[in-house]
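Report on the structure
What follows is the residue order along each chain.
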Amino acid sequence: MRLITVAGPPSCGKTSVVLRTVESMQERNLKIGVVKFDCLTSEDQHRYNHAGIPVKKGLAGGLCPDHFFIANIEQALQWGIRSGFDLLIIESAGLCNRCSPHIRGVLAVCVIDQLSGVHTPRKIGPMLKSADVVVLTKGDIVSQAEREVFSFRVRQVNARAAVLPVNGLTGQGNLLLQKHFQNAPLVASLEDYKLRFTMPAALCSYCLGETRIGPDCQIGNVKTMDFS
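Residues numbered from 1 in each chain as written. Predicted model: local features only at pLDDT ≥ 70, side-chain atom pairs only at ≥ 80, totals over all residues. Heavy atoms only, no water.

Some points on the state of the cysteines
Simply put, disulfide is the name for a covalent bond between the sulfur atoms of two cysteines. What counts here: When the sulfur atoms of two cysteines come within 2.5 Å, that pair is taken as a disulfide. For each residue, the accessible area found with a 1.4 Å probe, counting protein chains only, is set against the maximum for its type, and the residue is called buried under 20%, exposed over 50%, and partly exposed in between.
Applying the stated criterion across every chain, the model contains zero disulfides. The thiol of Cys12 is unpaired, and the distance to the nearest cysteine sulfur, on Cys110, comes to 7.3 Å. Assessed through its relative accessible area of 1%, Cys12 is described here as buried.

Description of the sheet that holds strand β1 (residues 2–8)
Convention followed: For two strands to be treated as a pair, DSSP must find at least two bridges joining them. Numbering of helices and strands runs from the N terminus; a helix is a DSSP stretch of H or I covering at least four residues, while a strand is a stretch of E covering at least two. Here, axes are lines fitted to C-alpha atoms. For helices the fit covers the stretch in contact, and angles between N-to-C directions go from 0 to 180 degrees. When checking whether two residues touch, look at their non-hydrogen atoms; a contact exists if any pair is within 4.5 Å.
The strand order β3-β2-β4-β1-β5-β6-β7 describes an open sheet built from seven strands, whose pairing is parallel. Of all the strands in the sheet, just β3 (55–59) and β7 (162–165) have a single pairing partner and so form its edges. Adjacent strand axes in the sheet meet at a mean angle of 20° when their direction is disregarded. Here strand β2 (residues 32–38) pairs with strand β4 (residues 87–93) via six bridges, running parallel. Note that in β4 the partner of Val35 across the bridge is Ile90. Sheet strands in contact with helix α6 (residues 144–157) are β5 (107–113), β6 (133–137) and β7, and its direction is about 160° off that of β6.

Points about the nonpolar core
Where we set the bar: We call a set of buried Ala, Val, Leu, Ile, Met, Phe, Trp, Tyr and Cys residues a nonpolar core when their side-chain atoms join them within 4.5 Å.
Counting 25 residues, the largest nonpolar core has Ile4, Val22, Ile89, Val109, Val135 and Phe181 as its most contacted members. Counting residues per element, the ones that place at least two in this core are β1, α1 (14–27), β2, β4, β5, β6 and α7 (175–182). Looking at this core element by element, the count peaks at five residues for α1. Discounting chain neighbours no more than four positions away, the residues touching Val22 are Ile32, Ile53, Ile89 and Phe181. Grouped together as the second largest cluster of nonpolar side chains are 18 residues, Phe37, Ile73, Ile90 and Leu190 included.

Remarks on unusual backbone geometry
Here the phi dihedral of Ser11 falls at roughly 65°; this positive angle occurs in a residue that is not glycine. Even without being a glycine, Asn29 presents a positive backbone phi close to 65°. The class of Asn29 is exposed, set by a relative accessible area of 69%.

What to know about the packing of aromatic side chains
As a reminder of what qualifies: Put simply, two rings from Phe, Tyr or Trp (the six-membered ring, in Trp's case) pair if the centres are within 6.5 Å, and we call them stacked under 30 degrees between planes, edge-to-face over 60, tilted for the rest.
Enumeration according to the criterion identifies three aromatic pairs in this entry. Aromatic side chains Phe37 and Phe68 sit 5.7 Å apart centroid to centroid with 85° between the ring planes, which places their arrangement in the edge-to-face category. Here the residue Phe37 occupies a position in strand β2, and Phe68 occupies one in helix α3 (residues 65–82), the gap between them amounting to 31 residues. With respect to class, Phe37 is no different from Phe68; both count as buried. Summarising the aromatic geometry, the rings of Trp79 and Phe85 are spaced 5.1 Å apart at their centres and angled 75° between planes, so their arrangement reads as edge-to-face. A single burial state applies to Trp79 and to Phe85, both of which are buried. An aromatic cluster of at least three residues, connected via ring pairs, comprises Phe37, Phe68 and Phe69.

Everything listed is a geometric property; what it means functionally is a separate question.
Put into structure tokens, the structure is as follows:
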């Protein structure tokens, strides 16, 4: 089965891009499934269900989304294999811009919104820097000059990735993305595979439920600033 990770900031258009991209693939009788990882809530499963795409939703709640993702990714893959999918798409929101849900040997796609500003590519971190494909959305709302500057900034951060402008509403520009999906590596198990970048560091007292403020309450993995 082919496996793809699709990551990006919240509300950048990941679900719309995925739906438009797999639309014609479904017409060719390819069986496609989706696993949606999010933090507190998501209604995107209804959009996938409406499109006839089997979907599973997982909410991290109080856990780091990256740690929740990696604890469940192998089970997600095996669900896809048992279901007989040709293609399984893992959609994950990069809620802190430090998230790194890309795996070596698995096609990695990062979706970013051109409305977020031309400095955004430098802020996103490993989910952009380690991606194989970078999808730029909402380009129809910004000027040509802004689109060119944004694409240039993306290439400064990740020079090796394919950069594809895609309209999530109309599907314009998704043919090249379809080809990347169709050529994604086959994966039977993720055991012994490695992440492309390390997880956010843990654990500190706040990870374990502490709510009080003060140096006596800060134990474990703590990083402080110098204000002298």
